[in-house]
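Overview (structure and organization)
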Amino acid sequence: MASARRGVLQLGVTLAQNEIMSVRILGIESSCDETAAAVVADGREILSSVVASQIDVHRKYGGVVPELASREHLRQIVPVVREAMGQAGLKLSDVDAIGVTHGPGLTGALLVGITYGKTLAAALQKPLVPVNHLEGHVHAVFLEAHKNDREPQLPAVCLVVSGGHTVLYEVKPDGAGGTFAYRRIGQTRDDAAGEAYDKVAKLLGLGYPGGPILDRLAATTNGLPAPVKFGSIKTRGNPYDFSFSGLKTAVLYHVREHPEYSAEIRSREEALVRGERKYEQLLPLCSAQTLALVREFQNAVVRDLVERTLGAAEELSAESILVSGGVAANSQLRATFEERARGKGLEVFFPSRALSTDNAAMIAAAAYSRFKAGIFADSSLNPDPSLRLA
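Residues numbered from 1 in each chain as written. Predicted model: local features only at pLDDT ≥ 70, side-chain atom pairs only at ≥ 80, totals over all residues. Heavy atoms only, no water.

A few words on the pattern of salt bridges. Tallied over the full model, the rule gives 18 salt bridges. Residue Lys248 is joined to Asp191 by a salt bridge in which the shortest nitrogen-to-oxygen separation is 3.4 Å. Remark: Asp191 occurs in the loop between β8 (180–187) and α6 (193–203) and Lys248 occurs in helix α8 (residues 245–257); sequence separation between them is 57 residues. With a relative accessible area of 7%, Asp191 lands in the buried category. A salt bridge links Glu296 to Lys229; the shortest N-O distance between them is 4.0 Å. With Glu296 in helix α11 (residues 288–315) and Lys229 in the loop between α7 (210–218) and α8, the pair connects residues that are 67 residues apart, well separated along the chain. Relative accessible area serves as the criterion here: at 6%, Glu296 is assigned to the buried category. Through salt bridges with shared partners, a single ionic network connects Asp191, Glu195, Lys199 and Lys248. (Salt bridge = Lys/Arg side-chain N within 4 Å of Asp/Glu carboxyl O. Helix = DSSP H or I, 4+ residues; strand = E, 2+ residues; numbered from the N terminus. Buried < 20%, exposed > 50% of the residue type's maximum accessible area, 1.4 Å probe, protein only.)

Here we take up the sheet that holds strand β5 (residues 128–132). The 5 strands lie next to each other as β3-β2-β1-β4-β5, forming an open sheet whose pairing is mixed. With partners counted over all chains shown, the strands left at the sheet margins are β3 (45–53) and β5, one partner each. Between one strand axis and the next, the sheet turns through 20° on average, direction left out of account. As paired strands, strand β4 (residues 97–103) and β5 are joined by 5 bridges and run parallel to one another. When the sheet's bridge partners are listed, Val100 is paired in β5 with Pro130. Of the strands in this sheet, β1 (24–29), β2 (34–41) and β3 are in contact with helix α3 (residues 66–88), which crosses β2 at around 25°. Contacting β1, β2, β3, β4 and β5, helix α14 (residues 361–372) runs over the sheet at an angle of about 130° to β1. (Pairing = 2+ DSSP bridges. Axes fitted to C-alpha atoms, helices over the stretch in contact; angles between N-to-C directions. Contact = heavy atoms within 4.5 Å.)

Moving on, we come to the environment of Gly374. With respect to the helices, strands and loops of the structure, Gly374 is situated in the segment after α14. Look at Gly374 and you get partly exposed, because its relative accessible area is 45%. Through-space distance from the C-alpha of Gly374 to that of Leu111 is 23 Å; in sequence the pair is 263 residues apart.

So, about the side chain of Arg268. Note on placement: Arg268 falls in helix α9 (residues 262–273). At 2.7 Å, the side chain of Arg268 forms a polar contact with the backbone oxygen of Leu204. Not counting chain neighbours up to four residues away, the residues in contact with Arg268 comprise Leu204, Gly205, Leu206, Leu282, Leu285, Cys286 and Thr290. (Polar contact = N/O pair within 3.5 Å; in protein donor to acceptor, adjacent residues only side chain to side chain.)

Look at the link from Gly103 to Pro104: it is a cis peptide, with omega at -15°. Pro155 follows Leu154 through a cis peptide bond whose omega is 5°. Counting through the fold element by element, Pro155 comes out in the loop between α5 (133–147) and β6 (156–161). The backbone of Asn222 shows a phi angle near 50°, a positive value even though the residue is not glycine. One can find Asn222 in the loop between α7 and α8.

With that out of the way, let us pick up the sheet that holds β8. Taken in spatial order, the 5 strands make up an open sheet running β8-β7-β6-β9-β10, and their pairing is mixed. Of all strands in the sheet, those bounded by a partner on one side alone are β8 and β10 (347–349). Between one strand axis and the next, the sheet turns by 25° as a mean value, whatever way the strands run. Against the sheet, α5 makes contact with β6, β7 (166–173), β8, β9 (320–324) and β10, and its axis sits at roughly 115° relative to β9, the strand it touches most.

Attention now moves to the packing of aromatic side chains. Taken as a whole and judged by the stated rule, the model has 7 aromatic pairs. Centre to centre, the rings of Tyr169 and Tyr182 are 6.2 Å apart; their planes meet at 70°, and the pair counts as edge-to-face. Of this pair, Tyr169 sits in strand β7 while Tyr182 sits in strand β8, placing them 13 residues apart in sequence. Of the two residues, Tyr169 and Tyr182, neither departs from the other in class, the shared state being buried. When the centroid spacing of 6.2 Å and the interplanar angle of 70° are considered together, the rings of Phe337 and Phe350 count as edge-to-face. Here the residue Phe337 occupies a position in helix α12 (residues 331–343), and Phe350 occupies one in the loop between β10 and α13 (353–356), the gap between them amounting to 13 residues. By the burial criterion, Phe337 is buried, and Phe350 matches it. One aromatic cluster is present, formed by Phe142, Tyr169, Phe180 and Tyr182 through successive ring pairs. Between the NZ or CZ atom of Arg216 and the centre of the ring of Tyr279, over which it lies, the distance is 4.0 Å. (Phe/Tyr/Trp six-rings, centres within 6.5 Å; stacked < 30°, edge-to-face > 60°. Lys NZ or Arg CZ within 6 Å of the ring centre and 35° of its normal.)

This is the structure in structure tokens:
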């Protein structure tokens, strides 16, 4: 697992403490480009969480290559599960159920996790709990809130925002074993927010993934005037639908119309080829004009995400706002949400950065309420790459 990033969330739980937990679920996540396994007790206590990332595999392609993702999942799934069990101080026979993502996601990638989960469940004679990846992101918020002795009040509006998803849900309790009821309020009509970040980063010669590097560069502008202004994103029909394709195209046209960007873009692309992709290495290759452009792009994305989410929360009289998914790690998005929500008397909840990106702790947490409700799958479970939450 030399190429893997291992994110381990250890809460100092001893084996003796583990033994008093009533339900311990092994979660398995393989929907895209991260192979993950975790053990969560009672849907709240993270006993272990291991994530093997494939960023290095897909970086040179500027995005996830499905066939390569599937191969990496096959290579990583066994050692990742083994490590998660070791960190939890448990044997496989000690878990009460296996929770596995069955959609949405890449078909081949999902198939690896499902097949392994089904095999474990059959061998151990444990229940197999199918989990919607998007519901996992909702439960990531509750995992983090529990760690801080907080509890989001329902009904809530939840924004799931990542490289593959930008969608708004209304979340309510449905009274069946602690599960939630969901209603989709709005969704992206084209690019997800994270996808727009990746495309703009590639356009500017800043590498993949684009979100983290653009976020850090945007923070260095110190009030530099923007070389172009991006207005509010307009969508017809549902006021809570998102659209980021036009914004990405506006950045493209601006760069094309200003050839002064070309030389520094080439210098950054050459640096990437040399393996120089860290923030500290790329920052000196960015002009003040580029930094201000990055900030203006991020301003437009953050403004749109926050305004539509707050608008939905106000219309639905939501008690709280939940924000999850990889883009939820964005520092400006977090700060803006907290400031704007506070002004409206609303609490906003985020997962930690480790729980924002794809992980299996959120899958195990989501599986817990389904386990209590008796929602199990059998050996016929198959991937559903277009699975909807609502």
